[in-house]
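Working through the structure, step by step
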Amino acid sequence: MTAIDGKVIAITGASSGIGEATARLLAERGAAVVLGARRTHRLDELAQDIRDRGGRAITCATDVTRREDLDRLVGRAVAEFGRLDVLVSNAGISKIGPMTDLDVDGWSAMIDVNLRGVLHGIAAALPVFRRQGRGHLVTTVSTSGLKIVPHQAVYAGTKNAVRTLLEGLRQESTDGVLRTTAISPGYVRTELADSIDNAQVREQIRRNMDELAIDPEAVARVVAFAIEQPDDVEIGEVTIRPATQG
Ligand SMILES: NC(=O)c1ccc[n+]([C@@H]2O[C@H](COP(=O)([O-])OP(=O)(O)OC[C@H]3O[C@@H](n4cnc5c(N)ncnc54)[C@H](OP(=O)(O)O)[C@@H]3O)[C@@H](O)[C@H]2O)c1
């Protein structure tokens, strides 16, 4: 038995990287996981693998830019498992590059996924959390918002916007119903660089990842740590980065 055993946990961006590692770890520790992302074949394979190992997992096609998809993800958790204990808002994209590229479409896409996607999750989960009298919102933000570096201005802006709105939500939720956690990873070995359109920047980030990155399982362990605390303990902000990252 762990404090995660029996919890119902929905995860966005569960088809790869940090979301996939988090789903595997939480399911291993006894949670029922509800997996959301757009690549449903990846979700289906992951859910099957979790079930083959004795865990509980279902999938739900989810594009976080669509509010109704988050309503459906949360609805699936409640319909299938009776409630939702935790929403891990993890889906994200990184269309980074110099501001002079004027990649307005990329900027908009990051705002839609990284910021609006989290807001859609809050809108879907908050009424359920309040009805239950309990709930936990975990988001994956980034060290990009803590140390501002070239090429990551808009990406960092979306992550810091999430950090800000979570703190505001936390301050409005001191009645003990809601816990909020913002996890800021540094370089993590995932598919995130695939979403970078600027080829030069993409190759640089891939080189940095090869050289520095930690495994997504390390971030999954932090998610589990935040979730397994007693109900009256909130892990607010955690930074996790490679020990060699500057
Ligand atoms: N890797 C790092 O170094 C690092 C560092 C700091 C923060 N982060 C953050 O960690 C989170 C997870 O990223 P990752 O590193 O694990 O990268 P990843 O392997 O590329 O995973 C990103 C996930 O987001 C999903 N996603 C993208 N757009 C989506 C949309 N519109 N709707 C639903 N899901 C969407 C992807 O699934 P589909 O494509 O199947 O929809 C995928 O499952 C992101 O928020 C990222 O910003 C990563």
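First things first, this report covers the structure right here in the doc. These figures come from a predicted structure and were not determined experimentally. (Residues numbered from 1 in each chain as written. Predicted model: local features only at pLDDT ≥ 70, side-chain atom pairs only at ≥ 80, totals over all residues. Heavy atoms only, no water.)

Position of Arg51 relative to the elements: it lies in helix H2 (residues 40–52). With 18 residues separating them in the primary sequence, Arg51 and Asp69 have C-alpha atoms 24 Å apart. When neighbours within four sequence positions are excluded, Arg51 is seen to be in contact with Ala57 and Ile58. Here the side chain of Arg51 touches Ala57 through a polar contact of 2.7 Å, landing on its backbone oxygen. (Helix = DSSP H or I, 4+ residues; strand = E, 2+ residues; numbered from the N terminus. Contact = heavy atoms within 4.5 Å. Polar contact = N/O pair within 3.5 Å; in protein donor to acceptor, adjacent residues only side chain to side chain.)

Attention now moves to the site of the ligand. The ligand sits among 30 residues. The nearest are Ser15, Ile18, Arg38, Tyr155 and Thr190. One nitrogen or oxygen atom from the main chain of Gly13 is found 3.0 Å from an oxygen atom belonging to the ligand. Contact distances for the ligand include 2.8 Å between an oxygen atom and a side-chain N or O atom of Ser16. Within the complex, 95% of the 880 Å² of free accessible area of the ligand lies under protein. Where the shell around the ligand is concerned, the elements lending two or more residues are helix H1 (17–28) and helix H5 (153–172). Looking at side-chain class alone, the shell around the ligand contains 14 nonpolar, 11 polar and five charged residues. (Near = heavy atom within 4 Å. Areas by Shrake-Rupley, 256 points an atom, 1.4 Å probe, with all protein chains shown as cover. Nonpolar A, V, L, I, M, F, W, Y, C, P; charged D, E, K, R; others polar.)

With respect to the element layout, Arg116 can be found in helix H4 (residues 104–132). It is 6.5 Å that separates the C-alpha atoms of Arg116 and Thr65, two residues lying 51 residues apart in sequence. Leaving out residues up to four positions away in the same chain, Arg116 has contacts with Val64 and Ile111.

Okay, the packing of helix H3 (residues 67–81) against H4 next. Put simply, H3 and H4 touch, their axes get as near as 8 Å, and they point 40 degrees apart. Classified by the angle between their axes, H3 and H4 sit oblique to one another. As for how H3 packs across H4, the hand of that crossing is right-handed. Residues Arg67, Leu70, Asp71, Val74 and Val78 of H3 touch H4, and the partners they reach there are Gly117, His120, Gly121, Ala123, Ala124, Ala125 and Val128. When its residues are assigned to classes, the contact of H3 with H4 shows seven nonpolar, three polar and two charged. (Axes fitted to C-alpha atoms, helices over the stretch in contact; angles between N-to-C directions. Parallel < 35°, antiparallel > 145°, perpendicular 65-115°, else oblique. Left-handed = near helix turned anticlockwise from the far one by under 90°.)

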